[in-house]
Amino acid sequence: MLEGMNRYWRVFATGLSFATFGLGGVLLWALVFPVLNLLVLQQERRTEWARVIIRRSFRGFVGLMKGLGVLRYELIGLERLERGGLLILANHPTLIDTVFLMAFVKRADCIVKSHLWNNPFTRGPVRAASYISNAQGTELLDACITSLRAGNNLIVFPEGTRTPANGAITLKRGAANIAVRGACAVTPVVISCVPPTLGKGDKWWRVPERFVQFRIEVKEDIPFQQFVAAGRSEVMAARDLTDYLQQYFTKENQHHA
């Protein structure tokens with residue numbers, strides 16, 4: 001009976017957490033960011049402050065879920081993210097991976113799906129922080145490289161969507177193109193969630209029988225130079241780096257499964 005009550009509580013607590021997240025997004029859009037626009041006139045400074053507010057809000061959301069007993073988490077190698085201009089590539093097992101990373105990465109930038117720019121719960125933070133829209137087409141790559149060179153830490157999920165339930169990781173070449181053409185190393189982050197929850201196709205109310213444990217490990221950088229040999233095209237270099245990263249994340253995923 002206690003186990004059943006605990007599970008019902010976690011369903012309620014999960015719903016409460018997501019409701020708080022949505023309400024927080026609306027309040028940021030309706031109250032916080034308009035005040036920020038009035039107080040800070042310079043666009044670049046407004047963007048910096050907006051990202052700080054979002055990072056602290058996401059940290060609060062993660063803390064809320066932990067405090068309510070929905071999840072626990074372990075952070076490993078977080079000191080590697082204290083640098084600037086990092087291309088952070090992570091696997092994507094759950095719905096809240098982005099929230100976790102942006103809660104703990106300073107000067108974080110990210111690529112945002114275009115529909116989130118008009119979503120009432122996300123448009124305020126997304127627009128205030130001037131994140132990169134994936135609707136930019138051919139300009140997307142240049143926008144990512146510009147962000148990195150400005151000292152931002154760009155978070156990219158090279159799968160493009162959450163990992164399917166069978167755990168098969170398939171990477172797109174966009175992230176490797178950023179590394180090769182931007183001449184920057186890759187900082188890989190491996191995320192695991194045991195037992196699995198909030199995966200692709202999962203309903204939020206289908207919580208596991210016990211609380212979940214997140215493990216977020218920042219690994220050593222992967223240099224791009226080994227893929228950019230003399231005379232090799234950027235296309236070939238990006239393809240080889242993508243293949244390498246796919247094997248890398250697949251191996252890490254199997255290790256933590």
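Residues numbered from 1 in each chain as written. Predicted model: local features only at pLDDT ≥ 70, side-chain atom pairs only at ≥ 80, totals over all residues. Heavy atoms only, no water.

Caption draft 1: Summary view of the state of the cysteines. Under the defined criterion, the tally for this structure stands at zero disulfides. C144 carries a free sulfur, and the closest cysteine sulfur to it, the one in C184, is 9.9 Å from it. C144 gets classed as buried once you look at its relative accessible area, which sits at 1%. (Disulfide = S-S within 2.5 Å. Buried < 20%, exposed > 50% of the residue type's maximum accessible area, 1.4 Å probe, protein only.)

Caption draft 2: Quick look at the side chain of N177. Locating N177 in the fold gives a position in helix α6 (residues 174-182). Overall, N177 belongs to the buried group, its relative accessible area being 18%. With near-sequence residues (within four places) excluded, N177 lies in contact with L141, G182 and A238. (Helix = DSSP H or I, 4+ residues; strand = E, 2+ residues; numbered from the N terminus. Contact = heavy atoms within 4.5 Å.)

Caption draft 3: The pairing of strand β6 (residues 186-194), seen in detail. For β6, the buried fraction is high: eight of the nine residues fall into the buried class. Where strand β2 (residues 87-90) lies against β6, four bridges are found, and the strand directions are parallel. The residue of β6 that forms the bridge with A90 is V189. (Pairing = 2+ DSSP bridges.)

Caption draft 4: Fine view of the packing of helix α2 (residues 43-67) against helix α3 (residues 97-104). Between α2 and α3, whose axes approach to 8 Å, the crossing angle comes to 120 degrees. By the criterion of interaxial angle, the relationship of α2 to α3 is oblique. Classified by chirality, the crossing of α3 by α2 is left-handed. Within the contact between the two elements, α2 uses R55, F58, R59, F61 and V62 and α3 uses V99, F100, M102, A103 and F104. (Axes fitted to C-alpha atoms, helices over the stretch in contact; angles between N-to-C directions. Parallel < 35°, antiparallel > 145°, perpendicular 65-115°, else oblique. Left-handed = near helix turned anticlockwise from the far one by under 90°.)

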